[in-house]
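Examination of the molecular architecture
Next come the chains, spelled out residue by residue.
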Amino acid sequence: MVVSPGVSTLCENPDEVFLDVAKLLLTYADNILRYPNEEKYRSIRIGNPTFSTKLLPIKGAVECLFEMGFEEAETHLVFPGSASVEQLKLIRESIAAERDQRLCGGQPEQLPQPASSSVSPQEPAAPASLPTMPSPSQVSSLVKLKQAEEVDPECKFGKEDLLVLELLNWFKKDFFSWVDCLPCSHCGGPTQTSGALSPTADDLRWGAQRVESHYCQTCQLSTRFPRYNNPEKLLETRRGRCGEWANCFTLCCRALGLEARYVWDSTDHVWTEVYSVSLCRWIHCDSCENACDKPLMYEIGWEKKLAYILAFSKDQVVDVTWRYSCKHPEVLSRRTRVQEAWLLRTINGLNAVRQQSLSPERKNELLERLLVELVEFISPKKPKPGELGSRISGSLAWRTVRGETGGTVSGTLSQASQYVFTPTEKEKSERLFHLRYIANKDQYCRVSNNNEVIKGWELCVWRKESVCRKVENDWQMVYIARTEGSSLGRVSWKFSFAPEKMKIKAMSVMASGQTFHSGKVSWCLRSGQNTAEFSGDGRMQSFPSLSGSSEIIIEAELSGGEGESSWQHSQLFRQSLNETEESSFEILIHLDDA
């Protein structure tokens, strides 16, 4: 079988990444083949979270869609009526064949037969009834075995461990849903968090001492979001944030006969640990992230400043902070709330109460487990590849406020779509970094790296807040502006040369912006404590004060404007769709050894 360039690029991804995105791509293709006359299956909304977080950042994924026959529209990818179904089948079969090969040589999958109903993958509806819980027999599937090997290739997972992997996947993808803001209960439109409401007697019955108000500006009505703590109620609502997720997932683990405990982190996160009989140790499980046995992901991937992490089971309380850190001296310096001796006495006192009615055999078992944990805690740790990514659950704004958008990923996209430009071998040897962004093509051109093209303005952004790309087909203009209704928008790009032991010798920047009425665009460059503002008037400007810096951030802030269209009154990179390849944004940096 001839493999296309898109499928070849897709195959470069690790197994876990490939299998996840292949499932999504095959779903898009199969829905078109099942229902060729259904328009809703021939269109993928680019802004849909499933597409933007699980497919867009993965190399080769979008290329496969284009090779299938999808075309880019303003806000969607569309499979037109003129597209070749045979070409779609060809790409689909190539992806399926690679997937089957990665699943230990399984037989190629046959195209699915039409079903009585189907849910569009880009706009999934809430299930009408409780999904079937995964059974132990399902866990022996080749998919779960492959995932188990990736989690820890040197360890033999037992059936219960495979059940945990299956349960995590089911809980994340089929059962529970994340809540940033609930849709309006009247019109179904977007809402914004607007403070707290008083809990009702029924709220309190289910442990919801806190009730959020999600306000709809269109209807001027508030939708209530009780933060339930009772896992029985969560089996009904099946939604929430990390507190609800961990609470309900821990219950599901125990319902399946697994020994599980609830883990609390003082930096405001919770998850689950499950005891592995096969591995003779506790395994970290984060249902929000569908992550298993990746304890360093919070400190390394999310860049959390950990201090206290406690695990609670029905029989025991354990300070498990050290499992989740490879920077013990830093963590110890932050543990200042109580004296360590007091904390130890308190935990021992709680355990004495919890274990009063336990048999001597059970007490000895718990003690032996604790001794094994203590050895694990003091053993040196190094982060694995799966622990380097940033948080995926929750909106970018919510994660940014919490400081959980994670660190940098040299030269590649992280899960949070944060991008850091670092020099390639060619740029290092020529001591030159040259980047252009062309607005009407929506593409970056990395001139200094053989004119490498990166399509999509968001893909190279370091951070963004309330900004989007707007195409005016009637006026034939394109620009970046604030999202509708927002009063302030920010976007930034980051460049780091320190990893390659280089620094900036000279730097010039050109940026363009346009304002209307009282709209305002502010540009600045930041490097450590040094800040340099510039006009962004389309002229190339030099910044000798930043010479010697090894890291730089370029940031634009959009504000002001008048009336309902104020969000349009401050714009970046405004350009005609009919113009030639004129740069809207350009960075030229001469490099030197640090």
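Definitions and limits used
- Residues numbered from 1 in each chain as written.
- Predicted model: local features only at pLDDT ≥ 70, side-chain atom pairs only at ≥ 80, totals over all residues.
- Heavy atoms only, no water.
- Pairing = 2+ DSSP bridges.
- Helix = DSSP H or I, 4+ residues; strand = E, 2+ residues; numbered from the N terminus.
- 1 Å grid on protein atoms, 1.4 Å probe; cavity = no way out; pocket = protein on both sides within 12 Å on 5 of 7 lines; lining within 4 Å.
- Points joined across faces, edges and corners; volume = space filled by probe spheres on them.
- Nonpolar A, V, L, I, M, F, W, Y, C, P; charged D, E, K, R; others polar.
- pLDDT = per-residue confidence, 0-100.
- Contact = heavy atoms within 4.5 Å.
- Patch = residues over 30% accessible without salt bridge, like charges linked within 9 Å, V, L, I, M, F, W, Y side chains within 5 Å.
- Areas by Shrake-Rupley, 256 points an atom, 1.4 Å probe, with all protein chains shown as cover.
- Salt bridge = Lys/Arg side-chain N within 4 Å of Asp/Glu carboxyl O.
- Buried < 20%, exposed > 50% of the residue type's maximum accessible area, 1.4 Å probe, protein only.
- Core = buried A, V, L, I, M, F, W, Y, C linked by side-chain atoms within 4.5 Å.
- Axes fitted to C-alpha atoms, helices over the stretch in contact; angles between N-to-C directions.
- Parallel < 35°, antiparallel > 145°, perpendicular 65-115°, else oblique.
- Left-handed = near helix turned anticlockwise from the far one by under 90°.

Remarks on the pairing of strand β9 (residues 260–265)
Taken together, the six bridges between β9 and strand β10 (residues 269–276) define a ladder with antiparallel strand orientation. For tyrosine 262, the partnering residue across the bridge sits in β10 and is threonine 272. Here four bridges tie β9 to strand β13 (residues 309–312), and the two strands are oriented antiparallel to one another. What sits directly across from tyrosine 262, in β13, is phenylalanine 312.

With respect to unusual backbone geometry
Positive phi values are uncommon outside glycine, yet lysine 501 reaches one of about 55 degrees. With respect to the helices and strands, lysine 501 occurs in the loop between β22 (488–496) and β23 (502–511).

Quick word on the sheet that holds strand β18 (residues 452–455)
If you walk across this open sheet you meet the six strands as β18-β17-β16-β30-β23-β27, and the pairing is antiparallel. Both outer strands of the open sheet, β18 and β27 (541–542), are each paired with one neighbouring strand and no more.

Remarks on empty space enclosed by the protein
The full count for this structure, using the stated rule, is one cavity of 30 Å³ or more. Considered as a void within the structure, the largest cavity measures approximately 40 Å³ in volume. Contributing to the lining of the largest cavity are Phe225, Pro226, Tyr228, Leu234, Thr237, Arg239 and Glu244. Every element with two or more residues in the lining of the largest cavity is listed here: β7 (221–226) and α9 (231–237). Class assignment for the residues of the lining of the largest cavity results in four nonpolar, one polar and two charged.

Here we look at the confidence of the model for the chain
When pLDDT is averaged along the chain, the result is 83; 85% of the residues meet or exceed 70. Per-element mean pLDDT across the chain ranges from 44 in helix α6 (residues 142–151) up to 97 in strand β14 (residues 317–319). Counting contacts from residues 106–153, a segment whose pLDDT is below 50, to residues more than four positions away or on other chains yields 95 contacts. Low pLDDT (under 50) marks residues 407–416, which in the prediction has 29 contacts with non-local residues, meaning those over four places away or in another chain.

A short note on a nonpolar patch on the surface
A contiguous nonpolar surface patch, about 280 Å² in accessible area, is contributed by Leu367, Leu371 and Leu374. Looking at where leucine 374 falls in the secondary structure, it is placed in helix α13 (residues 360–378).

Brief notes about the pattern of salt bridges
Any two side chains of opposite charge can pair, on the condition that their charged atoms come close. Evaluation of the coordinates by the stated rule reveals 43 salt bridges. We note a salt bridge from lysine 59 to glutamate 12, for which the minimum N-O separation is 3.4 Å. Of this pair, lysine 59 sits in the loop between α3 (49–54) and α4 (61–68) while glutamate 12 sits in the loop between α1 (5–10) and α2 (15–34), placing them 47 residues apart in sequence. Classification of glutamate 12 by relative accessible area gives exposed; the value is 53%. When salt bridges with common partners are traced through the structure, they connect Glu259, Lys314, Asp315, Arg362, Glu365 and Arg369 into a single cluster.

Here's the deal with the nonpolar core
Judged by nonpolar contacts, the single largest core of 42 residues is most densely connected at Trp493, Phe495, Trp523, Ile554 and Phe585. If you tally residues by element for this core, the top one is β23, at five residues. Isoleucine 554 has contacts with Val491, Ser492, Trp493, Phe495, Met507, Val509, Trp523, Cys524, Leu525, Phe534, Phe585 and Ile587, leaving out every residue within four places of it along the chain.

As for the packing of α2 against α4
Here α2 crosses α4 at 20 degrees, and the two axes come no closer than 11 Å. By the angle between their axes, α2 is roughly parallel relative to α4. Relative to α4, α2 is oriented so that their crossing is right-handed. Only Ala61, Cys64, Leu65 and Met68 of α4 make contact with α2, whose side of the interface consists of Val21, Leu25, Tyr28 and Ala29. Tallied by class, the residues present in the contact of α2 with α4 amount to eight nonpolar, no polar and no charged.

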